[in-house]
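# Summary of the model geometry
Residue strings, one per chain:
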Amino acid sequence: MSASAQITDPKATEVWEPVPQKVNPSKNGGAPSDAIVLFDGSNLNAWKSRNEDKPAGWKVENGYMEVARGAGDIMTKKAFGDIQLHIEWSAPTEIVGEGQGRGNSGVFLQERYEVQILDSYVSKTYSNGQAGSIYKQSIPLVNATAAPGEWNVYDIIYKAPQFNKDGIKVADGYVTVIHNGVVIQNHQRLLGTTEYIGFPKNPAHGDGAIILQDHGNPVRFRNIWLRTL
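The numbering scheme is per chain: residues are counted from 1 as the chain's sequence reads. Local features in a predicted model are, by the rule used here, given only for residues with pLDDT of at least 70; side-chain atom pairs are given and counted only at 80 or more, and totals for whole chains, interfaces and linings are based on all residues. Heavy atoms throughout the structure, all of them, feed into the side-chain values; hydrogens and water do not.

## Examining the pattern of salt bridges
Our working definition: Think of a salt bridge as a Lys or Arg side-chain nitrogen and an Asp or Glu carboxyl oxygen that are within 4 Å of each other. Whether a residue is buried, partly exposed or exposed follows from its accessible area with a 1.4 Å probe, protein chains only, as a fraction of its type maximum: under 20%, in between, or over 50%, in that order.
Within this structure, the stated rule accounts for 12 salt bridges. The salt bridge involving Lys59 is made with Glu66; its shortest N-O contact spans 3.3 Å. Taking relative accessible area as the criterion, Lys59 reaches 36% and is therefore assigned partly exposed. Ionic contacts of the salt-bridge type, sharing partners, join the residues Lys59, Glu61, Glu66 and Arg220 into one network.

## Considering the sheet that holds strand S14 (residues 211-212)
Test applied: Strands are labelled as partners when DSSP assigns at least two bridges between them. We count a stretch as a helix when DSSP gives it H or I for four or more residues in a row; a strand needs E for two or more, and each element gets its number in order from the N terminus.
Taken in spatial order, the 5 strands line up as S2-S5-S14-S7-S8 in an open sheet, and their pairing is antiparallel. Sheet topology places strand S2 (47-49) and strand S8 (113-117) at the edges, where each strand pairs with a single neighbour. As defined by bridge partners, S2 adjoins strand S5 (residues 74-76) across 3 bridges and the pair is classed as antiparallel. Looking at S5, one finds that Ser49 is bridged to Ile74.

## A short note on the nonpolar core
Going by this rule: Buried Ala, Val, Leu, Ile, Met, Phe, Trp, Tyr and Cys residues form a nonpolar core when they are joined through side-chain atoms within 4.5 Å. Any two residues whose heavy atoms approach within 4.5 Å at even a single point are treated as in contact.
Counting 37 residues, the largest nonpolar core has Trp47, Met65, Leu212, Phe221 and Ile224 as its most contacted members. Looking at this core, the elements that each hand over two or more residues are strand S1 (36-39), strand S6 (83-90), strand S7 (105-109), S8, strand S9 (152-159), strand S12 (174-179) and strand S15 (220-228). Among the elements that take part in this core, S6 stands out by supplying 4 residues, more than any other. Among residues more than four places away in sequence, those in contact with Ile224 are Val37, Leu38, Phe39, Trp47, Met65, Leu85, His86, Ile87 and Leu212.

## Quick look at the packing of aromatic side chains
Just so we agree on the cut-off: Ring geometry is summarised as follows: Phe, Tyr and Trp rings, the Trp one being its six-membered ring, pair when their centres sit within 6.5 Å, and such pairs are stacked at plane angles under 30 degrees, edge-to-face over 60 and tilted between the two.
Across all of its chains, the model carries 4 aromatic pairs by this definition. On the basis of an interplanar angle of 40° and a centroid distance of 6.3 Å, the ring pair of Tyr113 and Tyr158 is categorised as tilted. Taken together, the positions of Tyr113 in strand S8 and Tyr158 in strand S9 put the pair 45 residues apart, joining distant regions of the chain. We note that Tyr113, like Tyr158, is buried.

## Some remarks on unusual backbone geometry
A cis amide bond links Glu17 to the next residue, Pro18, at an omega of 0°. Note on placement: Pro18 falls in the segment before S1. A positive phi is found at Asn62, a non-glycine position, where the angle reads about 50°. In this fold, Asn62 is placed in the loop between strand S3 (59-61) and strand S4 (64-66). With a phi angle near 55°, Gln110 is a residue other than glycine that sits in the positive phi range. In this fold, Gln110 is placed in the loop between S7 and S8.

Structure, rendered in structure tokens:
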């Protein structure tokens, strides 16, 4: 007879501690009570320029921020590890170019791992570079992209890779992406860093900033928040 079959009191399998923290859920698409708000539509105080120690140079108006071509990437002032990230973005309504030249941006996790942002509504490009891909690594399960000018929602659950004191990776990173309510990356293993040319690399690192990419297209962002996990 197994040990579990000998239990006759239901209380024997009840666990009362610890008690989960109470979190007030979001209302009307806003952030939950324990979230770190990175952009609420009013300012870029949580962000800075990626390449220089100066303020982020993107435009802010009407509750959104917009990529200012040539201003460069922006990054959070704080660094993060495991997170739940909510970010909303919109591709420009003026159609310029095709493929990678159309509504291109990206969100980088820990400064190294890119979830692609792209106008993939009707435009074709390589599948591991379309909207919702882990760029050059993982093709999204489906294409859930909204039309240009409409708002796309990414909810990203990110588990960071782990490295030992000798700089050797001892645990892979994983990314889940829900795009407009549709799972498009399902606990997908990261092969390593995002590389435009060549294969992923695995240098040791700790926490890192979130980066939003200036790819020369006026992509808009709003309602950005995260929860540390």
